[in-house]
Amino acid sequence: MKFFPALTLAASLLVTINACSTTPKITSQFNTPEISEAEPADLSSLIAQVERESVDGLNFFMSHDEQNLYLTVDFISLRLYQQALEFGFTVFIDHEDGFKRSFGVTYPTGLYYELGDYPGARKGYIEEPDWESIPQNISIKESAERNIYQRALITQRRNRQQDLSPVPVPLLQLEAQNLRLQSDQDERSGRIHYTIPLETRSTSQFAPDIQPGETVDLGFEIHPVRLFNLDSGMRAPMLNRQSRSGNTQSDQDEEIRTHINLIMRRLLEPYEEWVKVTLEPAD
């Protein structure tokens, strides 16, 4: 798996938010894809059964039954795919009349997130162009690259006042709760299969709590800056007149986090696409 260097990627790959003011509207067909026991999240058959939908840089295929939502996402933009590998790719599923980003699955988690397990690695990766060519950093980067598909980040908020603080969950634990993820990838393209339970139960603790017949907001997002809010100990403080003057910014760690946050804002625009999806009711 090959990643673009952070600075080169950010300088050349700016994926901007769709300027169109009208949110696309689609219908998810009520249908049960053929899912094998060997590969429970492989929804290849879904592609032949439902219509292809598109947003900027992505094709996706969607269906559902009484228990699960089935989604396959194809990256048709190499730039977007590389962005997802580096900073993570999140699918949000929200009630139409609710609040944004109430339930989300981030998969892959992204190289930048995984580098957080190594002290100083994130800062070096972003700020130092030759960081990944230094011998002692090569193994760190390779290990982080392997980990991006070993777990997912789950966002599950009950109200809009709750922070966006996704929780890392290993894939085996997700599968035990009937949320299944599978990735097919090479250096130029990627495909992700999702089987997501519709409702929260004892056997499906990670779910958006929706039903056939409802309309939901489906979001696709890559947001590098928001990664600073994944961990309460890694928040980037807001700048104000006092902090810029140095009067109150006395803690060295906060200065570093602020500096990184500003760098990230310069490096990369967030990717964000939303679609309204009506889940077809059962016959």
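Keep in mind the model is a prediction, meaning the values are calculated, not measured. (Residues numbered from 1 in each chain as written. Predicted model: local features only at pLDDT ≥ 70, side-chain atom pairs only at ≥ 80, totals over all residues. Heavy atoms only, no water.)

Notes on the overall build of the chain
Part 1 of the argument: On a plain count of helices and strands, the chain comes out with 9 helices and 12 strands.
Part 2 of the argument: Within the chain, the proportion of its 283 residues that are buried is 50%.
Part 3 of the argument: Long-range pairs, those at least 24 residues apart, make up 68% of the contacts in the chain with a sequence separation of at least 6.
Part 4 of the argument: For the chain, the accessible surface area stands at approximately 13,800 Å², while carbon and sulfur atoms represent 45% of it. (Helix = DSSP H or I, 4+ residues; strand = E, 2+ residues; numbered from the N terminus. Buried < 20%, exposed > 50% of the residue type's maximum accessible area, 1.4 Å probe, protein only. Contact = heavy atoms within 4.5 Å. Areas by Shrake-Rupley, 256 points an atom, 1.4 Å probe, with all protein chains shown as cover.)

What about helix α3 (residues 78–87)?
Part 1 of the argument: The buried count for α3 comes to 8 of 10 residues, which makes it a mostly enclosed element.
Part 2 of the argument: If you check which residues of α3 are buried, you get Leu-80, Tyr-81, Gln-82, Gln-83, Ala-84, Leu-85, Glu-86 and Phe-87.
Part 3 of the argument: Once α3 ends, the next one or two residues include Gly-88, with phi positive near 90°.

Considering the nonpolar core
Part 1 of the argument: Counting residues in each nonpolar core, the largest one holds 52 residues, and the members touching the most others are Phe-89, Val-105, Tyr-194 and Phe-220.
Part 2 of the argument: Looking at this core, the element that brings in the most residues is α3, giving 5 residues.
Part 3 of the argument: Dropping the residues within four chain positions of it, Phe-220 is found in contact with Val-55, Leu-58, Phe-60, Leu-71, Val-73, Phe-89, Thr-90, Val-91, Tyr-271, Glu-272 and Glu-273.
Part 4 of the argument: Formed by 5 residues, the second largest nonpolar core is a distinct cluster that contains Leu-43, Leu-46, Phe-61 and Tyr-70. (Core = buried A, V, L, I, M, F, W, Y, C linked by side-chain atoms within 4.5 Å.)

Description of the pairing of strand β7 (residues 151–156)
Part 1 of the argument: For strand β6 (residues 103–106) and β7, the ladder comprises 4 bridges, and the chain directions are antiparallel. In the strand pairing of β7, Phe-103 is matched with Gln-156.
Part 2 of the argument: Judged from the 4 bridges that link them, β7 and strand β8 (residues 167–170) form a sheet pairing that is antiparallel. Paired with Ala-152 across the strands is Val-169, a residue of β8. (Pairing = 2+ DSSP bridges.)

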